[in-house]
Amino acid sequence: MSKKEKRKSQLQVLKSIGHIAFQQKCFEIEQRLFGSPEWKRSSIVSITISKPPELDTWNIIKRGWEEGKTVVVPKCLPENRQLVFYKLNDFHQLEQSYFNLYEPDPEKSVAVNNESIELMIVPGLSYTNAGYRLGFGGGYYDRLLSVFSGTTVSLAFEEQMVESLPIESFDMQVSTILTDLRRIDCED
């Protein structure tokens, strides 16, 4: 199965999770994240703004604010496939961009240096226990992770864990995956 087909089938799996199960799974994953040493020791956290059927990240952002963390969110620059992270203090800084993603409006936001990010919460559609991920197809995070030295964590429903993925030379691993059922430390 190609990466494209895998993406499509994984999205179907996510869409098939019922509303109540979805809410409960998001809660379990949030609790695992908030209790993790990675979250506790990080004062600058990057996270994407989710859209259904992805794990909901809006509550995680609110919790980061409550705890006085600096929450930074990415904006995609399609021309060079790069991510620029902006400090998010208020949801009003967001605008809808292409693919209906919510991203920070650069006019209302301050960019941060990627090196200052301590914890990067990396999105994806599927993951292996070794920390490889099937992303959304832009390659933005693989480019970024190849030069990122901070901590990387992915949040996943158990339904997103797979035996194997087609891995290419540029695919970068995350160090930890937190699911609704368990913590997976991925260092080989």
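This section reports on the structure supplied with the text. (Residues numbered from 1 in each chain as written. Predicted model: local features only at pLDDT ≥ 70, side-chain atom pairs only at ≥ 80, totals over all residues. Heavy atoms only, no water.)

Re empty space enclosed by the protein
Move 1: Enumeration over the complete set of coordinates arrives at two cavities of 30 Å³ or more.
Move 2: By volume, the largest cavity is sized at about 150 Å³.
Move 3: For the lining of the largest cavity, the residue count by class is nine nonpolar, five polar and one charged.
Move 4: Empty space within the second largest cavity amounts to approximately 30 Å³.
Move 5: Around the second largest cavity sit Trp39, Val45, Ile47, Ile60, Ile61, Gly64, Lys69, Val71 and Ile121, which together line it.
Move 6: Here the element with the most residues in the lining of the second largest cavity is helix 4 (residues 58-66); it accounts for three residues.
Move 7: Taken together, the residues of the lining of the second largest cavity sort by class into seven nonpolar, one polar and one charged. (1 Å grid on protein atoms, 1.4 Å probe; cavity = no way out; pocket = protein on both sides within 12 Å on 5 of 7 lines; lining within 4 Å. Points joined across faces, edges and corners; volume = space filled by probe spheres on them. Nonpolar A, V, L, I, M, F, W, Y, C, P; charged D, E, K, R; others polar. Helix = DSSP H or I, 4+ residues; strand = E, 2+ residues; numbered from the N terminus.)

Concerning the pattern of salt bridges
Where charged atoms from two side chains of opposite charge come close, those side chains can pair.
Move 1: According to the stated counting rule, one finds 12 salt bridges in the structure shown.
Move 2: For the salt bridge of Glu168 with Lys3, the shortest nitrogen-to-oxygen distance reads 2.9 Å. Of this pair, Glu168 sits in the loop between strand 10 (151-156) and strand 11 (176-179) while Lys3 sits in helix 1 (residues 3-15); the two residues are 165 residues apart in sequence, bridging distant segments of the chain.
Move 3: Assessed through its relative accessible area of 37%, Glu168 is described here as partly exposed.
Move 4: Across the pair Asp171 and Lys3 runs a salt bridge, and its minimum N-O distance is 3.3 Å. Of this pair, Asp171 sits in the loop between strand 10 and strand 11 while Lys3 sits in helix 1, placing them 168 residues apart in sequence. The exposure classification of Asp171 matches that of Lys3, with both residues buried.
Move 5: Several salt bridges share partner residues, and in doing so they unite Lys3, Glu168 and Asp171 into one network. (Salt bridge = Lys/Arg side-chain N within 4 Å of Asp/Glu carboxyl O. Buried < 20%, exposed > 50% of the residue type's maximum accessible area, 1.4 Å probe, protein only.)

Here we look at the pairing of strand 3 (residues 82-87)
Looking down a regular strand, the side chains alternate between one sheet face and the other.
Move 1: By the bridge criterion, six bridges tie strand 2 (residues 70-77) to strand 3 in an arrangement that is antiparallel. Each bridged residue has a counterpart across the sheet, and for Cys76 the counterpart in strand 3 is Leu83.
Move 2: Bridge count between strand 3 and strand 6 (residues 110-112): three bridges; the pairing is antiparallel. Bridge pairing in strand 6 links Tyr86 to Ala111. (Pairing = 2+ DSSP bridges.)

A short note on the sheet that holds strand 7 (residues 119-121)
Move 1: One open sheet holds the eight strands; their spatial order is 6-3-2-1-7-10-11-12, and the pairing between them is mixed. Both outer strands of the open sheet, strand 6 and strand 12 (183-185), are each paired with one neighbouring strand and no more. Neighbour to neighbour, the strand axes of the sheet diverge by 30° on average, direction disregarded.
Move 2: Relative to strand 11, helix 2 (residues 19-34) is tilted by about 140°, and along the sheet it contacts strand 7, strand 10, strand 11 and strand 12. (Axes fitted to C-alpha atoms, helices over the stretch in contact; angles between N-to-C directions. Contact = heavy atoms within 4.5 Å.)

With respect to helix 2
Move 1: Over its 16 residues, helix 2 extends 22 Å from the first C-alpha to the last, a length consistent with the 22 Å expected when each residue adds 1.5 Å.
Move 2: Within the sequence span of helix 2, burial applies to Phe22, Lys25, Cys26, Ile29, Glu30, Leu33 and Phe34. Viewed end-on, helix 2 has its buried residues packed into an arc of 160°, placing them on one side of the element.
Move 3: At its buried positions, helix 2 is contacted by helix 3 (37-40), helix 4, strand 7, strand 10 and strand 11. (Expected span 1.5 Å × (residues − 1). Arc of directions from axis to C-beta.)

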